[in-house]
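# A look at the structure
These are the residues of each chain, in order.
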There are 2 protein chains.
Amino acid sequence: MPTRANRPKTKQPTINDVAALAGVSKKTVSRVINESPLISEKTREKVKTVIAELGFVPNPQARALAFRRNFLIVLLHDNPNAQTVLNFQNGVLDAIKDSDLALLVRPVDRDSDDMLENVRVFLEKQRPIGALLLPPISENDDLTELCQSLGVRYVRIGSAELDEPGKCISSNDREVVEKACRKLIELGHRRIGFVRGPQGFRSARERELGFQDALRGAGLTMSEELIAQGNYRIDSGTEAGHKLLSLKDRPTAIFASNDEMAAGVMQVALGNGISVPEQLSIIGFDDSPTATHIWPRLSTVRWPIREMGAHAAHMLVSEFLPPVPGISEPEYAMLASTFVERQSVAAPEK
Amino acid sequence: MPTRANRPKTKQPTINDVAALAGVSKKTVSRVINESPLISEKTREKVKTVIAELGFVPNPQARALAFRRNFLIVLLHDNPNAQTVLNFQNGVLDAIKDSDLALLVRPVDRDSDDMLENVRVFLEKQRPIGALLLPPISENDDLTELCQSLGVRYVRIGSAELDEPGKCISSNDREVVEKACRKLIELGHRRIGFVRGPQGFRSARERELGFQDALRGAGLTMSEELIAQGNYRIDSGTEAGHKLLSLKDRPTAIFASNDEMAAGVMQVALGNGISVPEQLSIIGFDDSPTATHIWPRLSTVRWPIREMGAHAAHMLVSEFLPPVPGISEPEYAMLASTFVERQSVAAPEK
DNA sequence: TCCTTAATAGACACCGGTGTCAAAAACAAG
DNA sequence: CTTGTTTTTGACACCGGTGTCTATTAAGGA
C-alpha cells in the first residue's frame, strides 16, 4: 500500500491531485474537506481514502483567500509577567487545538508613541478574525476602538466593563483580595501595609478595593502612611518596603499588589533582619513562579489564567471551535481566582 | 484630500482598486509593491500616491498563494522558563519587524507520545519557511529530521553541533561556568557542590563540563558525594539541597545548573538556618527573573537570549530580512554569555 | 414504462495576488 | 520618417481553494 512516505517530498499534494486520483471534481473534494452533507457516503469514503493516502493537507492560505476570511486570531500583550503571558497563550492554544485557527502572538510596547500605529499596521496586514487583549493594554480604549474600526472583534481580559457584555473576561480579584486580607485580620493583624499597583490600572484598583473592603469589614481605617505606591516592578517593591518598614510603628503585615513587589518587600525585611512571617506577614498577587522560588514561599492570589485563555478564545470565536463540555456558555465572563496559602503569613508576634 | 478615514470600513481595498484608481494594470501595482526596477519613476509615484490614499495593504494570504511560499516562521519550544521563551520571541520579532514575515509560536509537549505527529500536522498545515528550535527540544534529532523531510529549514538554539554549520546558535556556557566556578575557588572554596541538570540534555552536560574544567584547573577532584541530580525544577533543587547540606562535611558553595534549582537549594539552606552567602555561596544559571526576586539575589550566568533570537532569525531567513549592522555574518553562531555577580557569593567562613 | 422530484456531482468564475510573455511606448540611429 | 532596440506596461494564466448554478443520476409515483 502506498503511503505518504512514498511520495516525493518536494511538493505538497493539492486538492487537484486528490481530485484526479479519486476521479472526482475538486469541488467534491472540497465538500469532503468541509464535511458538507451534500455528498454520498460512498464518494466521501473514496475521497477520504485518497486524502489519507496522499497525506493531503488543505493549504490554509488558499482557504483563507477563497473564504474571504483568514483563520487567525492574535494575542496582543504587554504584560511584564512572562509566565502569565505564556499560560494564557497555552489556554488559547488548548481551545483552538482541534480547529482550523492559528494564533499569532504580538507583544506591544505600551510606552512607544506609535504603538497604536504599529498595531494598526499589524492588524491591517494580518486581518485576523479577532484579537485577545491581555492586561494592562486590555484597558486601553484606543486599542479597542482601533479593533472596532478595523472590523476585528476582540475580547479584553481582566477588565470588567459591564457595558461590554461578551467582550471581556475577568476574575473576582476584589473578592479574593478581600478574603486574603480578612485572613490577616483574623490572625490578629491590625496594622496592615498596602503596596498599590500603578495608577490607572484597573487591576490595581480592584486589588485596592478588595483591601479596603477587608479593612472596612473589620472596622479598621485605612491610614495613608501604611500605603506605598508601586509600579508592579521589584524595585518599587523594595522602595515600598523601605518606606513601610522604617515607620516607628511598623505594620505587622503587608499586602503587595503583585508578587514581584511582594518579593521586593520581603528582600527589605530580610535584609533588615525582620523575619518573615514571624515579624512580618506578606501576601502577593499573581502566583507567579517567583512566589514559590522565594523563601519563605509567598501566600498569593492565583488567577486562572490558562482557563481564561481558553474561555477568551471561545468567547472570541466560538463558531470556529469544537464545543467543550467545560466551556458551555461563552457568555459567562467571570472566572474564580483563589487564595493560595503558603509560608509567608502567620499571626503577629506578642 | 481623501484619506483612509473616508473610505468605508467594511472592506479592505485590493490591488484591483488601486489599479483602477491609478489607471494602470494590477501587474503594475504589483511591481510597485515588490519594488521591481522595471518601472518608470513617474508611474511608481502615481501608484504609490494611490496606495497611500486608499490605505492599501497587500493581502498576505494571496501573496503567499501566488508566491507559492508563505512568509511564516515558527518557534517551537518546550522550555519551562517562560521568560526565556518570551525574550527569545522578542529577539525574533526584533529581527523580522520590518520584513513581510510573521511568527507563529508553538509550545510542544515533550513528554507526549504523539509529539512528533502533532508537530508534523502543524508544519504540514502551516508550511512555514523555517522553524526555530529552543532548547531542550532543539536537541531532539527526530524533530530536525522531520523538518528536513518536510522541507522546513531550521535553526537549533543552544546545541553546538559542529557538523551542522549554519543551523545552530549556541553560547559559550562551558567557558562562563568555568569562570564562575573559578571565582568560587579563588575566594577560597574547596568543597563545592554541584546540582546537575537532567540527563541527556546538552545544556546540562555543557554546564557540568564547565564545572569540571574549573575543578581540574585548580587541581581539585570531583567527588561524587558533592553531586546531586536535578531536573531543572525547584523541587529537585530542594532535594539536592537536602542531600548536600546534610553531609557531615558540607560544601561551602554550590553551583546549580539553573536558577530554579539554585532557589531550591537556597530555600533548604535558609530553612535550616544556614546563612547565604556567609555559610554557603550559591550560583545559578539563566538569570531568570527569579534570580533577582530571591534574597539574597542570586549570582548567575546570563545568556543573551534576545540577541540569540535575532541572530537565529537572521540565520534562518536572512534573505527575507533587512540587513542589520550588528548582525553582519549569520554564520557566526556563538554568542557570549556573561557571569552576573550578585549577593549570593562570598568567601567561605573561617 | 415514463415523468417528476430530490440527491449528488461537476463546470466555471472568483478570491487577491504573481509569473510569463507579448504589446506598446520611448528612444536612438540611419 | 523609418527602423531597430530598449524600456515600460498589460493580458492572461495560475496559485489552491470555495460559491453558485446547472447537469446528471437515483428514487418515487402515475
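The structure displayed is predicted, hence computed values, not measured ones.

## As for the overall build of chain A
From N to C terminus, chain A includes 13 helices and twelve strands. The C-alpha radius of gyration of chain A comes to 26 Å, more than 25% above the 20 Å expected for a compact globule of 350 residues. By its C-alpha atoms, chain A is 90 × 45 × 35 Å across when sized along the principal axes. Going through the 350 residues of chain A one by one, you find that 48% of them count as buried. Sequence separation of at least 24 residues holds for 72% of the intrachain contacts in chain A that already meet a minimum separation of 6.

## Notes on the relation of the copies chain A and chain B
When chain A is brought onto chain B, the operation consists of a screw motion whose angular component is 180° and whose axial shift is 0.0 Å, with 0.1 Å RMSD remaining. Taken together, the rotation and translation describe the operation of a two-fold axis. Looking at chain A, 100% of its interface residues are interface residues in chain B too, so the copies touch through the same face.

## A closer look at the interface of chain A and chain B
For an interface, size is often stated in terms of accessible area lost upon the parts coming together. In this assembly, 38 residues from chain A lie in contact with 38 residues from chain B. At the level of secondary structure, the elements contributing two or more residues to the side of chain A that touches chain B comprise helix 4 (60-67), helix 5 (82-96), strand 2 (102-107), helix 6 (115-126), helix 11 (259-271) and helix 12 (289-293) of chain A. The residue inventory of the side of chain A that touches chain B, partitioned by class, reads 20 nonpolar, 13 polar and five charged.

## Focus on helix 11 (residues 259-271) of chain B
Residues and elements named next belong to chain B. Here helix 11 spans 18 Å end to end across 13 residues, near enough to the 18 Å set by a 1.5 Å rise per residue. For helix 11, the complete set of buried residues consists of Asp 259, Glu 260, Met 261, Ala 262, Ala 263, Gly 264, Val 265, Met 266, Gln 267, Val 268, Ala 269 and Leu 270. After helix 11 finishes, the residue Gly 273 shows a positive phi value of roughly 75°.

## Brief notes about the protein's contact with DNA strand D
Among the 25 residues in the neighbourhood of DNA strand D, the closest are listed as Ile 15, Ser 30 and Ala 66 of chain A together with Ser 25 and Thr 43 of chain B. Those elements giving two or more residues to the surface near DNA strand D turn out to be helix 2 (26-33) and helix 4 of chain A together with helix 2 (26-33) and helix 4 (60-67) of chain B. With five residues, helix 4 of chain A is the single largest residue contributor to the surface near DNA strand D.

## Observations regarding the sheet that holds strand 7 (residues 227-229) of chain A
All names here are of chain A. The strand order 7-6-8-9 describes an open sheet built from four strands, whose pairing is parallel. On the outer flanks of this sheet lie strand 7 and strand 9 (281-283), each paired with one strand and no other. On average, adjacent strands in this sheet sit at an angle of 15° to one another, irrespective of strand direction. One ladder, built from three bridges, connects strand 6 (residues 192-196) with strand 7; its direction is parallel. Counted as the bridge partner of Arg 196 is Gln 229 from strand 7.

## Concerning the domain arrangement of chain A
Each assigned domain of chain A is listed with its residue range as follows: domain 1 (15-57), domain 2 (67-171 + 305-333) and domain 3 (173-302). If you average the C-alpha positions of domain 1 of chain A and of domain 3 of chain A, the two centres end up 62 Å apart.

## What about unusual backbone geometry?
Cis geometry marks the peptide bond from Trp 295 of chain A to Pro 296 of chain A, where omega comes out at 0°. Following the sequence through the fold, Pro 296 of chain A ends up in the loop between helix 12 and strand 10 (300-302). For the bond running from Val 276 of chain B to Pro 277 of chain B, omega is 5°, close enough to zero to count as cis. Mapping Pro 277 of chain B onto the fold places it in the loop between helix 11 and strand 9 (281-283). Its identity as a non-glycine residue notwithstanding, Tyr 232 of chain A has a phi of 80°, on the positive side. Within the secondary structure layout, Tyr 232 of chain A lies in the loop between strand 7 and helix 10 (234-245). Despite not being glycine, Glu 35 of chain B has its phi angle at roughly 55°, a positive value. With respect to the helices, strands and loops of the structure, Glu 35 of chain B is situated in the loop between helix 2 and helix 3 (41-54).

Thresholds applied
Residues numbered from 1 in each chain as written. Chains lettered and ligands numbered in written order. Predicted model: local features only at pLDDT ≥ 70, side-chain atom pairs only at ≥ 80, totals over all residues. Helix = DSSP H or I, 4+ residues; strand = E, 2+ residues; numbered from the N terminus. Rg over C-alpha atoms; globule rule 2.2 N^0.38 Å. Buried ≥ 20, exposed ≤ 12 C-beta atoms within 10 Å, placed from the backbone. Contact = placed C-beta atoms within 7 Å. Least-squares fit on C-alpha atoms with pLDDT ≥ 70 in both. Nonpolar A, V, L, I, M, F, W, Y, C, P; charged D, E, K, R; others polar. Expected span 1.5 Å × (residues − 1). Near = placed C-beta within 6 Å. Pairing = 2+ DSSP bridges. Axes fitted to C-alpha atoms, helices over the stretch in contact; angles between N-to-C directions. Domains from an automatic or database assignment.

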